[in-house]
Every structure is written in structure tokens, then in C-alpha cells.
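# Descriptive structure summary
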Amino acid sequence: MSKLLTISPSPHVHTSDSVNKIMYRVLLALLPALVWSVFMFGLDAVRVTLLAVVSCMAFEYLIQRFIMKEVPKITDGSAALTGILLAFNVPASIPSWIIITGALVAIGVGKLSFGGLGNNPFNPALVGRVFLLISFPVQMTSWPVSQHAAVDALTTATPLGILKEGVKSGQPVSALMDSLPSGMDLLYGNMSGSMGEISALLLLLGFGYMLWKKVITFHIPVFVLGTIFVFQGILWMVNPENFIEPVFHLLTGGAMLGAIYMATDMVTSPMTHRGQFIYAAGIGVITVLIRNFGAYPEGISFAILIMNGFTPLINSYVKPKRFGGTN
Amino acid sequence: MLKTFKLGGVHPAENKLSADKAIEKLALPKSVFIPIAQHIGAPAQALVKKGDQVKVGQLIAQAGGFVSANIHSSVSGTVKKVDMAPDASGYPKQGIFIDVEGDEWMESIHTGDDLVTDFQADSKAIIDKINVAGVVGLGGATFPTHVKLMPPQGMKAEMLIINGVECEPYLTSDHRLMLEKGSEIMVGIRLLMCALQVNKAYVGIENNKKDAIAHLRNLVSADSSIEVVPLKVKYPQGGEKQLIKAVTGREVPSGALPIAVGAVVSNVGTAFAVYEAVQKNKPLIERVVTITGKSVKKPSNFLVRVGTPVQDLVDAAGGLPEDTGKIISGGPMMGKAIASLEVPVTKGTSGITIMPAPEAKREVMKSCIRCGRCVTVCPMGLEPYYLMTVSDKQIWDKAETNRVMDCIECGSCSYTCPADRPLLDYIRLGKGKVGQIIRSRKK
Ligand code: SF4
Ligand code: SF4
């Protein structure tokens, strides 16, 4: 026969899904929140995002090409995603050189030093963020005044910051309610904070899109947010003067961003739904602990990184439900 | 809510292009190549030699043991040679070449199309006839049917489950058979029930074959011992263990046979072959084969004599498409890519799927992004990404304790992996090696 036939083992068909599609769909899911942060913070938001994305991709290209000596894979979208997530985790007013440094740490240390996509134990964007938070605490917690801030024009502290300071100085939560944004403001994002954490509503919209496209499953976000809600709810019921009601914690301080977009990072989260439950519950509990009892007003980044560290352990001990028998 | 199995599963594009094409008789081939090993178990022993005259239905190779099956001539003519030639596996296999002359059948076979419903309720006699006729599982596994009908000591069948699932994309031979030979299949089911001495049978059919479900339901209406069970469309529901789970909720334990939960599973095609063997004295010499593919001019279902070269099927379906990149014996999830159109149709050939070149090539494998999708879709609850790693690194004890031998080679993991990792290739390697280790330990 003249024709050249392919001989390969089964299966002979493949889903149309690919790593690139997954990454680009997450990017797309983040778009509404990005537009909102540009609306809130103006050109600064554009500057920070572009810088973060471009420098993440550039560092990935340069390191892969000249240090690791392999074919650069920047088109897979994962570097761009790290860039956006990093940008979403900093104040829009951050100096350009700091965000570039963050990008270098995220890509160079957080990702490529472990061998690149798929091999990094920690979420690269969070590695970058935590590095910046520790190295540049002042710049990382100076929140710009939004161009449209109506409620909050007087103060630029984040809602979680106001809460933490207030409780620390001995005021009951009820006395602080006036200085905190209303529930509706929190929901659609009329507050100060980092670029991506301010609009819970638009982040949820992206979540819906990712569920629809089957990019991720509901498990991790729902378990993380559910744990925060339940744990904070218990604290609140025990002592409402010291602890605020739980919905506040779901809508502030990057809980949504973390639960939906960072805890779900496939590379650094467990494989099985059972494992994901343990992982997500851990994130929820640690987040609530840090927020209520820790030094920082915000804790989900740390919580995710800590649980990232447990992921390999969870993967080796939590097996999927086997067919035909107990594990 | 339709029934289905619980763990994992995928839903590849169904592409049942030939679903509404009635079964046609394929013209007799000029010559046939009939391998003597068309079943799982020992090869049969050839009984003929060069120059012998044979008739349609004549025994030409005798079962080589208990787990083996007789082979009959599918044509009449002269034995050209007994020699080696590649079958669908690609490896040369022993077989009998026959030049076709006329179409003269053994007198013992009833060739008419009339429906014969009455039979002697004698389990042993039925099993004997099935054995003599060389009937094997027609769903693809080709396990000798008489063996299945004789459960090992101490085991008792409680029910018969008939597999009308046809979950492989593209293939439609079982679907057509259910529509066109429903009454015969029903008699076949009763024969099988009688052979097994059970009084309950279920026919599992996926819900994308509503016409077949309605037709068979209609045929069993008066008989409460046979129940047609519509199933949610999900691959690999045709896997024995998945089908049993879907229909009865029972899980066959790891390493055990279906009989461990009281079930015996047979394909609809097998039920039809059983009908012909017992009621018509007709050995298994022909079967329905789907010939299909996106570029194939006339996707069809043909009744084909065993041993017919695939070339004849391709010609009858309008020739090999220009853009052909791969020819698969079977469906795209579990079928085997074949290298030549000389390969014969055998008892286990359910279809020939022709893939266009762009779809035939695999993508380059990328790093595992640890998305866990392979784990989610695995119907056996395994961790394909992990089994691939340990097979690659040859850590066989880990492969074994993580149940590599449970893999049913359904391909759902490789199908799903967004990083295009050839998971099943490596898992097969691991299975082979771990299987060897287990066997040598038993010695
Ligand atoms: S590991 Fe085996 S049983 Fe599981 S999805 Fe892959 S091929 Fe199917
Ligand atoms: S589906 Fe592929 S990329 Fe995802 S975990 Fe399995 S092997 Fe890795």
C-alpha cells in the first residue's frame, strides 16, 4: 500500500482540551475583574498589570532559553497567568521596579528553579507576592485612593485593615461597623485593596465561566469559602463583639481571589477530591486563624502556601476511591 | 435518572455515522485468511492441509484446550496453504488460506431466515452446541462463550447481563443487530439463561439508541424475566465491571471475575451467535462489522465472512479516503491501528474506523500539570499519572500496590490528559511487567 499509515496504541482520539486552553480560559475568567480594577484605579492598574505580565513572560523566556537551555514555552499561557495573579495581589500604586522584582522571584524562584510548569510545589504568584510583602511592607500596604471611592474617601485602609486595627485597640466590632464599607460595596468592589481582590462579584462571574468550561471543578473554592464561613461563623456566634460576621470575611481581603484562582492552581493542589477537601479545609482554617489572631490583617496567601506544602503528602496518602473494594 | 456506573468515565464525540444504515451482506471475498487464534486462550489446531476441499461451516481447526474455540471455514473452496500472516495485532499468526469457489454450505446448517423459537431446556446440550460452533464473545474480548457458561466450582450465576451498550464512538454493529435481529437475540438470551440456569436477564443499552431500547422492550413485554435497562451515555460503560455496576449496583472486587458477584456478561452479538449455533446449527463464521470514518464515502454495516480482508470492506464503503491517516480495527478508544488492508476480519472485529490524517497524529507530550483529570475520569479509581511515573521509573512494587493490574485499558486517561501524556502506553508497560512478576511469584 502506498499510503503511510500511523500506527499507535489506543486511544486514537483525544479531547480538544489542552494545557494552553486551560491557561487562556483562566486568563479570560480574570478579565472582568481586571476591567473593574482599571475602572477603579485608572492607568496605574494598566501599568502594573502590563508590567507584571510582560516581565513574567520575559523572565520565563530568558531563563528557559539561556540558563535552562531548553525551548522556551511562554506561549502556554502559564507565565502570563502568574503575571496577572501577581498584579492582582499588589496595590495599584506599587512602584514599577518592585513589581518587576516580584515577577523575577515568582518565575525564577517560584517556578523555574523547580523545573518549570508542573514541577513547582508552591504557587509562583504567591511566592512573588509573599516575597514582596516581607521585603517591601510599606509599599505593599499603601493602598491608593480609588478614583471612584465615594464611601471611603477619607481612609485608604482596606476593610480587613480597619477591622484589625480596631479590634487590636480594644473596640468592639459593632463600633467599627460604621467605618467599614457596606455589604453591597464589598460585593461589587467599592473598597480599597489590591487590584484583584476588590470585586467579589466579578471574580464569581469568572468562577462561573470556569465551571462552565470545566477548567476547574467547584470543590476547592467551595470547600475553602465554606470552611471560612463555618469557622468564622462559630467564632462570631461565640463572641460577636470580638469577631465579625462570616460573610464579611468571604467578601474581603482576597478570599475570593485566593479560593477561586490561586488555591485551585492545579500544579500545587491535590489530585483527588478527597485530598482537595483536606487541602481546602486547611486553607480556610489557617486563613481565619491569621485574620483573627495573627499579625497580618490578611492571611489567605500564607494559608495557600502552607497547604501547597502539604500537597505532596496529601497526594501520597489520600488515594481515590478504588473500584471494587476498600482502599 | 438513567442508570450508569459511578466512578469516572468520559464522553467522547459519538460520531455514530452508520447508525441508520441497515446491515448489508458483503459480497463473497476471492480468498480468505482464517487465523487459528481468534480468541483468548489456546490457539486451535488446524485440521486441514493444502489442497483440501472445504465447505462453508466445516470444522477446519479444533479447539486446543478447554479455554479455546473451534474454527470453521467461512467459505467453500480449496485450502491454498496453512501459513503465517499478520492479523490485526500486526504480528504474523498461523492461519488457513482458502481460495473461494462457489458458496456450498454444510448440509447440517439450516440456512433459512425463519425464526426458530422452540428449544429443549437442557443446559448441557446448549453449552455443547455453543462449544462446537466456536462461539466467542463478540464484543471484542473474544473469550470463549462455553467457558463463561460453566462457572467454576462453588460459584453460581444469579443473572445474565447482555451488553448492548456499544459505548465505543463510531461503531454501530450491535445497534443495527438489535434493531434487525431483535427476536433472534431474545431467543439467544433465553438459551443463555437456560444454559446458566438463571431466571433473570438484563439488557443494558445506552440511551443514544432509543429505537433499540423501544424495539427490545416491545419484544420482551410479556416476559418479566428479561429486563431492558436504558443507561446514561458514558464511556466505558461497555466494560464488564462498569456494566455490572450500572445495571445491578454491584462491584466486582479487584482481581475477581464477574461471577464473583453472580453475574455473567455477554454481548448482544454473542446472543445472536448463540441463537444461530443452537437453533440453526450454524457455527460462528460471519459477523456484523461497521466500516466508518469521517471521510468514508458510505459508512455502512456489513455482514462479513470471517477471514475476509479489510480491503473488501473498504472497497464496499466507497474506497479508502484520500486523507486517510490511520486505519483502526475496532473503535477509536480501544481499537488497534492496523498497518495493512490485507488484515482479515476475525470473530472479534466489531468495526473498521478510518481516521483522517490530521486526527491520526498524536500531539507532543508536555509536562504533567497535575490537574488530576486522569484520576477523575479513571473508571477503576486509579491514579494514571502516578502509574505512568512508576512504570517509567520501573518501580514495579509501587505499580502493583497501586493496582496497576486493575486497569481495564479503556484509554479514558490518555483521552482526557490536557498535556497529551500517553498515560495508557506506560500503564500497559507496567501491567505487562507486574503481571510477569506476579506469575513468577506463583511458580
Ligand atoms: S488507568 Fe486504565 S482504567 Fe484507568 S482510565 Fe486509564 S486506561 Fe482506563
Ligand atoms: S491528566 Fe495529564 S496533566 Fe492532568 S494530572 Fe493526569 S497526567 Fe497530569
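In this text the structure is predicted, and so the values were computed from the model without any measurement. (Residues numbered from 1 in each chain as written. Chains lettered and ligands numbered in written order. Predicted model: local features only at pLDDT ≥ 70, side-chain atom pairs only at ≥ 80, totals over all residues. Heavy atoms only, no water.)

### Concerning the overall build of chain A
The helix and strand tally for chain A stands at 15 helices and 0 strands. For a compact globule of 327 residues, the expected C-alpha radius of gyration is about 20 Å, and chain A comes in at 21 Å, within 12% of that figure. For chain A, the spread of C-alpha atoms along the three principal axes comes to 85 × 50 × 30 Å. Across the 327 residues of chain A, 57% fall into the buried class. Counted over contacts in chain A with a minimum sequence separation of 6, partners at least 24 positions apart contribute 74%. Accessible surface computed for chain A: about 13400 Å², of which carbon and sulfur atoms make up 72%. Of note, chain A has its 18 positive side-chain charges centred 18 Å away from the centre of its 14 negative side-chain charges. (Helix = DSSP H or I, 4+ residues; strand = E, 2+ residues; numbered from the N terminus. Rg over C-alpha atoms; globule rule 2.2 N^0.38 Å. Buried < 20%, exposed > 50% of the residue type's maximum accessible area, 1.4 Å probe, protein only. Contact = heavy atoms within 4.5 Å. Areas by Shrake-Rupley, 256 points an atom, 1.4 Å probe, with all protein chains shown as cover. Lys, Arg positive; Asp, Glu negative; His and termini not counted. Charge placed at Lys NZ, Arg CZ, Asp CG, Glu CD.)

### Section: the overall build of chain B
Counting its secondary structure elements, chain B contains 14 helices and 17 strands. Relative to the globule expectation of 22 Å for 443 residues, the C-alpha radius of gyration of chain B, 21 Å, shows essentially globular dimensions. Taken over the C-alpha atoms alone, chain B extends approximately 65 × 50 × 50 Å along its principal axes. Of all 443 residues assigned to chain B, the portion counted as buried reaches 58%. Long-range contacts, defined as pairs at least 24 residues apart, comprise 74% of the intrachain contacts of chain B with a sequence gap of at least 6. Taken as a whole, chain B presents about 17700 Å² of accessible surface, with 53% of it coming from carbon and sulfur. On chain B, the mean spot of the 54 positive side-chain charges and the mean spot of the 45 negative ones are 6 Å from each other.

### Concerning the interface of chain A and chain B
Listed per partner, the contact involves 37 residues of chain A and 61 residues of chain B. Buried surface at the junction of chain A and chain B, summed over both partners, amounts to about 4100 Å²; 55% is from carbon and sulfur atoms. Together, His12(A), Met271(A) and Phe323(A) form the three largest contributors to the area buried by chain A at its contact with chain B, with a combined 22%. Counting the contacts that link chain A with chain B gives 3 salt bridges. Between Lys319(A) and Glu383(B) there is a salt bridge, with the nearest N and O atoms lying 3.2 Å from each other. Counted by class, the side of chain A that touches chain B contains 16 nonpolar, 15 polar and 6 charged residues. (Buried area = accessible area lost by both parts, 1.4 Å probe. Salt bridge = Lys/Arg side-chain N within 4 Å of Asp/Glu carboxyl O. Nonpolar A, V, L, I, M, F, W, Y, C, P; charged D, E, K, R; others polar.)

### Let's talk about the pattern of salt bridges
This structure, assessed with the given rule, holds 33 salt bridges over all chains. Between Arg322(A) and Glu383(B) there is a salt bridge; the shortest N-O distance is 3.3 Å. Of the two residues, Arg322(A) sits in the segment after α15 (300–317) while Glu383(B) sits in the loop between α10 (373–377) and α11 (384–392), which places them in two different chains. Pair check on accessibility: Arg322(A) and Glu383(B) agree, each one buried. As a salt-bridge pair, Glu286(B) and Arg305(B) come within 3.4 Å of each other at their nearest N and O atoms. In this pair, Glu286(B) sits in strand β13 (residues 286–292) while Arg305(B) sits in strand β14 (residues 300–305), placing the two residues 19 residues apart along the sequence. Among the residues examined, Arg305(B) registers a relative accessible area of 10% and is labelled buried. Linked through salt bridges whose partners overlap, the residues forming this network are Asp103(B), Glu276(B), Lys282(B), Glu286(B) and Arg305(B).

### A look at the UniProt feature "modified residue: FMN phosphoryl threonine" (unreviewed entry) in chain A
Residues and elements named next belong to chain A. According to UniProt, the "modified residue: FMN phosphoryl threonine" (unreviewed entry) feature falls on Thr158. Mapped onto the elements of the fold, Thr158 is located in the loop between α6 (137–140) and α7 (159–168). Here Thr158 falls in the buried class, since its relative accessible area comes to 9%. (UniProt positions renumbered as here; feature names shortened; annotations may be inferred.)

### A look at the site of ligand 2
By nearness alone, 13 residues border ligand 2, and Cys368(B), Cys371(B), Gly372(B), Cys374(B) and Cys417(B) come closest of all. Ligand 2 sits at the junction of chains A and B, each of which supplies nearby residues. In the shell around ligand 2, the residues fall into 10 nonpolar, 1 polar and 2 charged. (Near = heavy atom within 4 Å.)

### A word on the sheet that holds strand β17 (residues 351–356) of chain B
Residues and elements named next belong to chain B. Taken in spatial order, the 6 strands make up an open sheet running β1-β14-β13-β17-β15-β16, and their pairing is mixed. Each edge of the sheet is formed by a strand with only one pairing partner; in this case those strands are β1 (23–25) and β16 (336–338). Ignoring strand direction, the axes of neighbouring strands in this sheet form an average angle of 35 degrees. Judged from the 6 bridges that link them, β13 and β14 form a sheet pairing that is antiparallel. Of the residues in β14, the one forming a bridge with Thr290 is Asn301. Set on the sheet, helix α3 (residues 173–180) makes contact with β1, β13 and β14; between it and β13 the angle comes to about 125 degrees. (Pairing = 2+ DSSP bridges. Axes fitted to C-alpha atoms, helices over the stretch in contact; angles between N-to-C directions.)

### Quick notes on the site of ligand 1
Residue and element names in this part refer to chain B. Around ligand 1, the structure places 13 residues, and the nearest of them are Cys378, Cys407, Cys410, Gly411 and Cys413. Going through the elements one at a time, α13 (412–416) and α14 (423–442) are the ones with two or more residues in the shell around ligand 1. The residue makeup of the shell around ligand 1, split by class, is 10 nonpolar, 2 polar and 1 charged.

### What to know about the domain arrangement of chain A
Residues and elements named next belong to chain A. Partitioning chain A into domains gives domain 1 (19–140) and domain 2 (159–317). Look at where the C-alpha atoms of domain 1 and domain 2 centre, and you get two points 21 Å apart. Every contact between the two is made by 37 residues of domain 1 and, on the other side, 34 residues of domain 2. Carbon and sulfur atoms make up 75% of the surface buried where domain 1 meets domain 2, a total of about 2900 Å² over both sides. For domain 1, the biggest contributors to the area lost against domain 2 are Arg25, Trp36 and Leu126; these three give 20% of the whole. Elements supplying a minimum of two residues to the side of domain 1 that touches domain 2: α1 (19–41), α2 (43–67), α3 (78–88) and α5 (124–135). Broken down by element, the side of domain 1 that touches domain 2 gets its largest block of residues, 13 residues, from α1. Counted by class, the side of domain 1 that touches domain 2 contains 28 nonpolar, 7 polar and 2 charged residues. (Domains from an automatic or database assignment.)

### Focus on unusual backbone geometry
Cis geometry is adopted by the peptide bond preceding Pro11(A), which originates at Ser10(A) and carries an omega value of 0 degrees. Examined against the element boundaries, Pro11(A) turns out to sit in the segment before α1. Even without being a glycine, Glu166(B) presents a positive backbone phi close to 40 degrees. Tracing the sequence through the fold places Glu166(B) in the loop between β9 (159–164) and α3. Among the residues examined, Glu166(B) registers a relative accessible area of 8% and is labelled buried.

### Thoughts on the domain arrangement of chain B
One frequently used descriptor of interface size is the decrease in accessible area upon assembly of the parts. Residues and elements named next belong to chain B. Here chain B is described as being made up of domain 1 (23–109 + 283–359), domain 2 (123–280) and domain 3 (373–442). When each unit is reduced to the centre of its C-alpha atoms, the spacing between domain 2 and domain 3 is 29 Å. The interface is formed by 6 residues belonging to domain 2 together with 7 residues belonging to domain 3. Across the domain 2/domain 3 interface, buried area totals approximately 490 Å², and carbon plus sulfur atoms make up 54% of it. If you look at where domain 2 meets domain 3, you find 0 salt bridges. At the junction of domain 2 and domain 3, the tally comes to 3 residue pairs in polar contact (both at pLDDT 80 or more). A breakdown of the residues in the side of domain 2 that touches domain 3 according to their chemical character gives 2 nonpolar, 3 polar and 1 charged. (Polar contact = N/O pair within 3.5 Å; in protein donor to acceptor, adjacent residues only side chain to side chain.)

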